[in-house]
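Each chain, letter by letter, is given below.
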Amino acid sequence: QRTFDMTPENRKRAGLILIVLLFAAPIATAYILNALGWRPAGMRNYGTLLEPPQDLSAARFVLDDGKPLGWKDAEWSWTLIALTGPDCAQKCLGRIDELRRARLTLNQNAYRMRVVVLDETLPADALVSLKPVMRARDVDSKLAALRPHDANDVAAVLIDPHGFLVLSYPAGYDANLMRKDLARLIKG
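Source: prediction; values computed, not measured.

Cut-offs applied
- Residues numbered from 1 in each chain as written.
- Predicted model: local features only at pLDDT ≥ 70, side-chain atom pairs only at ≥ 80, totals over all residues.
- Heavy atoms only, no water.
- Helix = DSSP H or I, 4+ residues; strand = E, 2+ residues; numbered from the N terminus.
- Rg over C-alpha atoms; globule rule 2.2 N^0.38 Å.
- Buried < 20%, exposed > 50% of the residue type's maximum accessible area, 1.4 Å probe, protein only.
- Contact = heavy atoms within 4.5 Å.
- Areas by Shrake-Rupley, 256 points an atom, 1.4 Å probe, with all protein chains shown as cover.
- Axes fitted to C-alpha atoms, helices over the stretch in contact; angles between N-to-C directions.
- Left-handed = near helix turned anticlockwise from the far one by under 90°.
- Nonpolar A, V, L, I, M, F, W, Y, C, P; charged D, E, K, R; others polar.
- Phe/Tyr/Trp six-rings, centres within 6.5 Å; stacked < 30°, edge-to-face > 60°.
- Lys NZ or Arg CZ within 6 Å of the ring centre and 35° of its normal.
- Patch = residues over 30% accessible without salt bridge, like charges linked within 9 Å, V, L, I, M, F, W, Y side chains within 5 Å.
- Salt bridge = Lys/Arg side-chain N within 4 Å of Asp/Glu carboxyl O.
- pLDDT = per-residue confidence, 0-100.
- Pairing = 2+ DSSP bridges.

### A look at the overall build of the protein
Regarding its fold elements, the protein presents three helices and seven strands. Along the chain direction, N to C, the helices and strands of the protein fall in the order α-β-β-β-α-β-β-β-β-α. The globule rule puts the C-alpha radius of gyration for 188 residues at 16 Å, and the 25 Å found for the protein is more than 25% above it. Over its C-alpha atoms, taken along the principal directions, the protein stretches across nearly 95 × 35 × 30 Å. A total of 188 residues make up the protein; the buried ones form 39% of that total. Contacts in the protein between residues at least 24 apart in sequence constitute 69% of all its contacts with a sequence separation of at least 6. Surface exposure of the protein reaches about 11,600 Å², of which carbon and sulfur atoms provide 58%.

Shown next, in the form of structure tokens:
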């Protein structure tokens, strides 16, 4: 019967193995949890993540001044689009104002976010007090399926700087939770 001797060489090996295990254990744990689909609560978005993202780079969106809404620009802007239901009135304008204020909460990064309203029935002067919110038309009706059906309701979508629709917020979304998503994306 042979016993294990703790020679200085064996102690060094055991110490090295212990150090490797201390560093490998958290990595292995993270890999396993990720493979099982677990994410910490702080890492989840409120909006619905679209997988795969919908490519809107070829879709035609025209601003009120007749210019196309371009996705790629010098300031690398994200676009938050408000999709209004039929008959957008006072409540609808209040929801659009929430989107404008969500943009303002980004502070020095607010320039990286633009807010666009897709609504052809809304009078142009209704958005004057909500500057810099812009209005556009969805010429190809690419986002028609995401529009709310109830009158005076608003849904929203977030489009990345390359023209990919990445997050969707259905009618009745919580503006405070949306702000957290925007802050993580824009500031991060």
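### Looking at the packing of helix α2 (residues 90–104) against helix α3 (residues 175–187)
Contact geometry for α2 and α3: axes closest at 10 Å, N-to-C directions at 35°. You can see that α2 and α3 cross each other, and the crossing is right-handed. Residues Glu98, Leu99, Arg101 and Ala102 of α2 touch α3, and the partners they reach there are Ala175, Met178, Arg179 and Leu182. Its residues assigned to classes, the contact of α2 with α3 shows five nonpolar, no polar and three charged.

### Structural notes on the packing of aromatic side chains
The tally for this structure, following the rule as stated, stands at one aromatic pair. Above the plane of the ring of tyrosine 173 lies arginine 95, whose end atom (NZ or CZ) is 4.1 Å from the centre.

### Examining the environment of proline 53
Examined against the element boundaries, proline 53 turns out to sit in strand β1 (residues 48–55). Among the residues examined, proline 53 registers a relative accessible area of 39% and is labelled partly exposed. Between the C-alpha atom of proline 53 and that of leucine 167, which follows or precedes it by 114 residues, the distance is 8.3 Å. Excluding residues within four positions of it along the chain, proline 53 makes contact with Phe164, Leu165 and Val166.

### With respect to a nonpolar patch on the surface
The grouping of Tyr31, Ile32, Leu33, Leu36 and Trp38 at the surface amounts to a nonpolar patch, some 590 Å² of accessible area in total. Along the chain, leucine 36 falls in the loop between α1 (8–35) and β1.

### Considering the confidence of the model for the protein
Averaged over every residue, the pLDDT of the protein is 83; residues scoring 70 or more account for 91%. Put simply, β1 is where the protein has its lowest mean pLDDT, 81, and strand β6 (residues 154–159) is where it has its highest, 90.

### Remarks on the pairing of strand β7 (residues 164–169)
In terms of burial, β7 is largely enclosed, as five of its six residues are buried. Where β1 lies against β7, four bridges are found, and the strand directions are antiparallel. Note that in β7 the partner of leucine 49 across the bridge is leucine 167. Direction of pairing for β6 relative to β7: antiparallel, over a ladder of four bridges. If you follow valine 157 over to β7, its bridge partner there is serine 168. What sits between the antiparallel neighbours β6 and β7 is a turn of four residues, in which glycine 163 has the positive phi angle 90°.

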